[in-house]
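So the chains spell out like this:
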Amino acid sequence: MNIDGKPYRTIFPDPDGVSVQVIDQTRLPFAFELKRLATLDDAAVAIRTMIVRGAPLIGVTAAYGLALAMRADPSMEGIDRAVAVLAATRPTAINLRWALDRVAGNLRQIQPAERFAHAFAEAGRVAEEDVASCRSIGAHGGQIIADLHTANGGRPVTVLTHCNAGWLATVDWGTALAPIYAAHERGVPVHVLVDETRPRSQGAALTAFELHGHGVPHTVIADNAGGHLMQHGGVDLCIVGSDRTTASGDVCNKIGTYLKALAAHDNRVPFYAALPFSTIDWTLHDGVKEIPIEERDGREVTHMTGRLAEGGFATIEVVSPGSPVANPAFDVTPARLVTGIITERGICAATEEGLYGLYPERRKAA
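Residues numbered from 1 in each chain as written. Predicted model: local features only at pLDDT ≥ 70, side-chain atom pairs only at ≥ 80, totals over all residues. Heavy atoms only, no water.

Draft legend 1. Here's a closer look at unusual backbone geometry. A cis amide bond links Leu28 with the next residue in sequence, Pro29, at an omega value of 5 degrees. Along the chain, Arg198 connects to Pro199 via a cis peptide bond; the corresponding omega equals 10 degrees. Tracing the backbone shows Pro199 in the loop between β7 (190-195) and α7 (202-214). Look at Met50: it is not a glycine, yet its phi comes out positive at around 65 degrees. (Helix = DSSP H or I, 4+ residues; strand = E, 2+ residues; numbered from the N terminus.)

Below you can see the structure in the form of structure tokens.
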């Protein structure tokens, strides 16, 4: 996607052939900087501190991190250690474990001297597959927006989204934003309501940055404004991403998603989750009980960083000193509140039958 008219991906091989470059998302939207990852620890820190974030991008970064680990220690013990280190960085997103299992499984059949080259190439294939999946999600979901545009008599379609599930959360295109980009490029008028998404403000900082850079009309709103706007007919459609989706269609996404789904259900606003196959955890069936929810540092709630009027930056405290805080990073939206799931293979009901209908091979594997 574009930044100041120049196409970028969120992660790509460095010209040196032994490292990768990533966009440092902790510096956005006020500074655009690339960061080089050359070691296992570099990759682990990037994932843990959210230099890279978003379930698909976390998976790809972990795949490259395992490859980078093979430069230092290509032994079987080195594989096991790298997988353990990377798997511990973020507990909720299933793409992380999926990518590690895929690359590590292949590595065990390769001679140690060849493991780095093999893993690096495999990580590249994971990245390319992610781009293709997200492009396809955009095509399928974009048709929903186009159909709404027609049904609404040709007026612009207003889409509410939450957190950042755009190209910054993937390698390119995004998940929840891919249909918006696809519709925009088809000439379908679309306007995006961007939840700020406290406490890390990924909507205000990242989604707004993306949409502005790509020329998509949008408005940033406070997290709690969505229900009010739905009540007054200001939202045609909700599309969110997912960090883990159960085989029964429960959707785990950034904290606050569940509240949007409740408001959408009450106001008969279609609510879709957009996600690639690697985000589906076929071993789970009750997301509320079974999906581990990451608890992050309370400082994300008590403090905020922003740009000052004179151009500098400052971190300020926004919570009464001494008050305890909680910071669950995700919540689970039950399948009954999800209108449908948009995947690279098409759109299905948020049910076990719907998902197995798109992925019949998984039924055989279950």
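Once the structure has been displayed, the description carries forward.
Draft legend 2. Molecular detail of the packing of helix α1 (residues 40-48) against helix α2 (residues 55-72). At a minimum axis separation of 8 Å, α1 and α2 run at an interaxial angle of 160 degrees. As far as their axial angle goes, α2 and α1 are roughly antiparallel. Considering only the axes of α1 and α2, their crossing is left-handed. Between α1, through Leu40, Ala43 and Ile47, and α2, the contact on the second element is made entirely by Ile58, Thr61, Ala62, Gly65, Leu68 and Ala69. Classifying every residue of the contact of α1 with α2 gives seven nonpolar, two polar and no charged. (Axes fitted to C-alpha atoms, helices over the stretch in contact; angles between N-to-C directions. Parallel < 35°, antiparallel > 145°, perpendicular 65-115°, else oblique. Left-handed = near helix turned anticlockwise from the far one by under 90°. Contact = heavy atoms within 4.5 Å. Nonpolar A, V, L, I, M, F, W, Y, C, P; charged D, E, K, R; others polar.)

Draft legend 3. Structural detail: the side chain of Asp172. Checked against the element boundaries, Asp172 lands in the loop between β6 (157-161) and α6 (178-185). Here Asp172 sits buried without a salt bridge, and the closest side chain of opposite charge, Arg9, lies 4.1 Å off (N-O distance). In this view, Asp172 contacts Met1, Tyr8, Arg9, Asp130, Val131, Cys134 and Trp167; residues no more than four positions away in its chain are not counted. (Buried < 20%, exposed > 50% of the residue type's maximum accessible area, 1.4 Å probe, protein only. Lys, Arg positive; Asp, Glu negative; His and termini not counted. Salt bridge = Lys/Arg side-chain N within 4 Å of Asp/Glu carboxyl O.)

Draft legend 4. Spatial organisation of the nonpolar core. Membership of the largest hydrophobic core comes to 77 residues, with the highest contact counts inside it found for Leu66 and Ile145. Broken down by element, this core gets its largest block of residues, 13 residues, from helix α5 (residues 115-151). Non-local contacts of Ile145, meaning those with residues more than four positions away in its chain, are made with Val157, Val159, Pro179, Ile180, Ala183, Val188, Val190, Leu237 and Ile239. By size, the runner-up hydrophobic cluster in this structure holds 28 residues, among which are Ala264, Phe271, Ala335 and Leu337. (Core = buried A, V, L, I, M, F, W, Y, C linked by side-chain atoms within 4.5 Å.)

Draft legend 5. Local environment of the pairing of β6. Within β6, five of the five residues are buried, which leaves it mostly tucked inside the rest of the structure. Neither face of β6 is left uncovered, since the one carrying Val157, Val159 and Thr161 and the one carrying Thr158 and Leu160 both have all their residues buried. Taken together, the five bridges between β6 and β7 define a ladder with parallel strand orientation. Counterpart to Leu160 in the pairing with β7 is Leu193. After leaving β6, the chain enters α6 and then returns to the sheet as β7, a path that is right-handed. One ladder, built from two bridges, connects β6 with strand β9 (residues 237-240); its direction is parallel. Bridge pairing in β9 places Leu160 opposite Cys238. (Pairing = 2+ DSSP bridges. Right-handed = clockwise from strand over helix to strand, strands pointing away.)

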